[in-house]
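Here are the chains, one letter per residue:
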Amino acid sequence: MVVLHQYHMSPFNQKLQRMLRYKGIAFEERYWLLVEQGKLKREHNPIGKLPAIEHNSEWVCDSTDAAHYIEQQFAGPSLIPEDPALAGMVHVLEDWADESLYFYEMHMRFTTEHNWERNLPRMFEREGWFLKSVLAGKMPGQIRKGIRKITATQGIGRKSERQLLVDCRRHINAVAGMLEQSDFLVGGQLTLADLAVHAMFSCFLDTVELEAMMQEYPGVVAWMARVEALTGPQAT
Ligand SMILES: N[C@@H](CCC(=O)N[C@@H](CS)C(=O)NCC(=O)O)C(=O)O
């Protein structure tokens, strides 16, 4: 049995959940609390990041490594094309989602005032009494400050909100362009690239501005529904 270890707010979870469902692989979910990060680092993953999968007592950390592991170890429809040119394109798009779009969604969801208010309750919904009891105190402010520091170091957190929205429109528009002649991003069939980009765009929908912006792109909305139909919980 595969165990999918996750932090519940992470967009990367979705990539692996959808992949496992699409391939028809049964899996258990284990959600870690923020306060358990020390244990996670000590016992399983020194980097301390999630998601990771556990299979045959082995941990594979990082959603990209886990996705490639799943692809190699399990049967079921392939999500990484054999053709090297298509596989290369899938890799580039997945990496763009993970290393660029991720920071936009993180910054927009958790640092802008109204979106922070909207997403904060969900951030703590799985935490135990300890974190919940400090919710009224400094904890949320500290987490938000921590996230600001991450996105400022990465770079996009130093941009104005107006510029971020210009960037995000360019990103959404790019995906809309790729979908003009095709139902999926690479090679006309569902791949890991779709799952990676879909995961970040789902988080875009958790912000007021990007939710509205996405509605201006019916091709992208239809593609999101297509990916959901093939890989959502109802698909298994
Ligand atoms: N490249 C990693 C990124 C995973 C990642 O950044 N996970 C975040 C949650 S969204 C995390 O675990 N953060 C905890 C930390 O940075 O200490 C992947 O694809 O799995």
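Residues numbered from 1 in each chain as written. Predicted model: local features only at pLDDT ≥ 70, side-chain atom pairs only at ≥ 80, totals over all residues. Heavy atoms only, no water.

Draft legend 1. Spatial organisation of the pairing of strand 4 (residues 58-61). In this sheet, strand 4 lies alongside strand 3 (residues 52-55) in antiparallel orientation, the contact comprising four bridges. Paired with His55 across the bridge in strand 4 is Glu58. Linking two consecutive strands that pair antiparallel, namely strand 3 and strand 4, is a turn of two residues; a positive phi of about 50 degrees is found at Asn56 within it. (Pairing = 2+ DSSP bridges. Helix = DSSP H or I, 4+ residues; strand = E, 2+ residues; numbered from the N terminus.)

Draft legend 2. Broad picture of the side chain of Thr64. Examined against the element boundaries, Thr64 turns out to sit in helix 3 (residues 63-73). Side-chain polar atoms of Thr64 contact the side chain of Asp98, separated by 3.3 Å. Those residues within four positions of Thr64 in sequence are excluded, and the remaining contacts are Lys15, Glu94 and Asp98. (Polar contact = N/O pair within 3.5 Å; in protein donor to acceptor, adjacent residues only side chain to side chain. Contact = heavy atoms within 4.5 Å.)

Draft legend 3. Summary view of the pattern of salt bridges. One pass over the structure, following the stated rule, counts 14 salt bridges. Two residues, Lys23 and Glu71, come together in a salt bridge whose shortest N-O distance is 3.1 Å. With Lys23 in helix 1 (residues 11-23) and Glu71 in helix 3, this residue pair connects regions lying 48 residues apart in the sequence. Considered together, Lys23 and Glu71 belong to a single accessibility category, that of buried residues. (Salt bridge = Lys/Arg side-chain N within 4 Å of Asp/Glu carboxyl O. Buried < 20%, exposed > 50% of the residue type's maximum accessible area, 1.4 Å probe, protein only.)

Draft legend 4. Representation of the layout of surface pockets. Space inside the largest pocket adds up to approximately 1,000 Å³. If you trace the largest pocket, you find 35 residues lining it, with Tyr7, Lys49, Leu50, Tyr102 and Met106 closest to the centre. Counting residues per element, the ones that place at least two in the lining of the largest pocket are helix 1, helix 3, helix 4 (84-110) and helix 7 (139-154). Top element by residues in the lining of the largest pocket is helix 4. It accounts for nine residues. In the lining of the largest pocket, the residues fall into 18 nonpolar, nine polar and eight charged. When we break the lining of the largest pocket down by domain, the ones giving at least three residues each are domain 1 (2-73) and domain 2 (84-235). The calculated volume of the second largest pocket comes to roughly 260 Å³. Listing elements by their share of the lining of the second largest pocket, those giving two or more residues are helix 1 and helix 9 (192-204). Broken down by element, the residue count for the lining of the second largest pocket peaks at four residues, all from helix 1. (1 Å grid on protein atoms, 1.4 Å probe; cavity = no way out; pocket = protein on both sides within 12 Å on 5 of 7 lines; lining within 4 Å. Points joined across faces, edges and corners; volume = space filled by probe spheres on them. Nonpolar A, V, L, I, M, F, W, Y, C, P; charged D, E, K, R; others polar. Domains from an automatic or database assignment.)

Draft legend 5. Seen up close, the packing of aromatic side chains. Enumeration according to the criterion identifies five aromatic pairs in this entry. Seen from their ring centres, Phe201 and Phe204 are 5.1 Å apart, and the 25 degrees between their planes marks the pair as stacked. Of this pair, Phe201 and Phe204 both sit in helix 9, three residues apart, roughly one helical turn. Both residues of the pair, Phe201 and Phe204, belong to the buried class. By the ring-pair criterion, three or more aromatic residues cluster together here, those being Phe12, Tyr102 and Phe103. It is Arg30 that lies over the ring of Trp32; its NZ or CZ is 3.9 Å from the centre. (Phe/Tyr/Trp six-rings, centres within 6.5 Å; stacked < 30°, edge-to-face > 60°. Lys NZ or Arg CZ within 6 Å of the ring centre and 35° of its normal.)

Draft legend 6. Geometry of the nonpolar core. Residues Ile53, Phe201, Phe204, Val220 and Trp223 are the most contacted members of the largest nonpolar core, which totals 59 residues. In terms of residue count, the dominant contributor to this core is helix 4 (ten residues). Composition of this core by domain shows at least three residues from each of domain 1 (2-73) and domain 2 (84-235). Grouped together as the second largest cluster of nonpolar side chains are six residues, Tyr7, Trp32, Leu50 and Trp59 included. (Core = buried A, V, L, I, M, F, W, Y, C linked by side-chain atoms within 4.5 Å.)

Draft legend 7. Quick look at the site of the ligand. What surrounds the ligand is a group of 13 residues, the closest being Ser10, Gln37, Leu50, Ser63 and Tyr102. In the environment of the ligand, a nitrogen atom lies 3.1 Å from a nitrogen or oxygen atom belonging to the side chain of Asp62. Ser63 is positioned with one of its side-chain polar atoms (N or O) 2.6 Å from an oxygen atom of the ligand. Considered on its own, the ligand offers 510 Å² of accessible surface; in the complex 78% of this is hidden by protein. A majority-of-atoms criterion places the ligand in the largest pocket. Broken down by secondary-structure element, the contributors of at least two residues to the shell around the ligand are helix 1 and helix 4. Of the residues that constitute the shell around the ligand, the class distribution is six nonpolar, four polar and three charged. (Near = heavy atom within 4 Å. Areas by Shrake-Rupley, 256 points an atom, 1.4 Å probe, with all protein chains shown as cover. Sits in = over half its atoms within 2 Å of the grid points.)

Just geometry here; none of it tells us what the structure is for.
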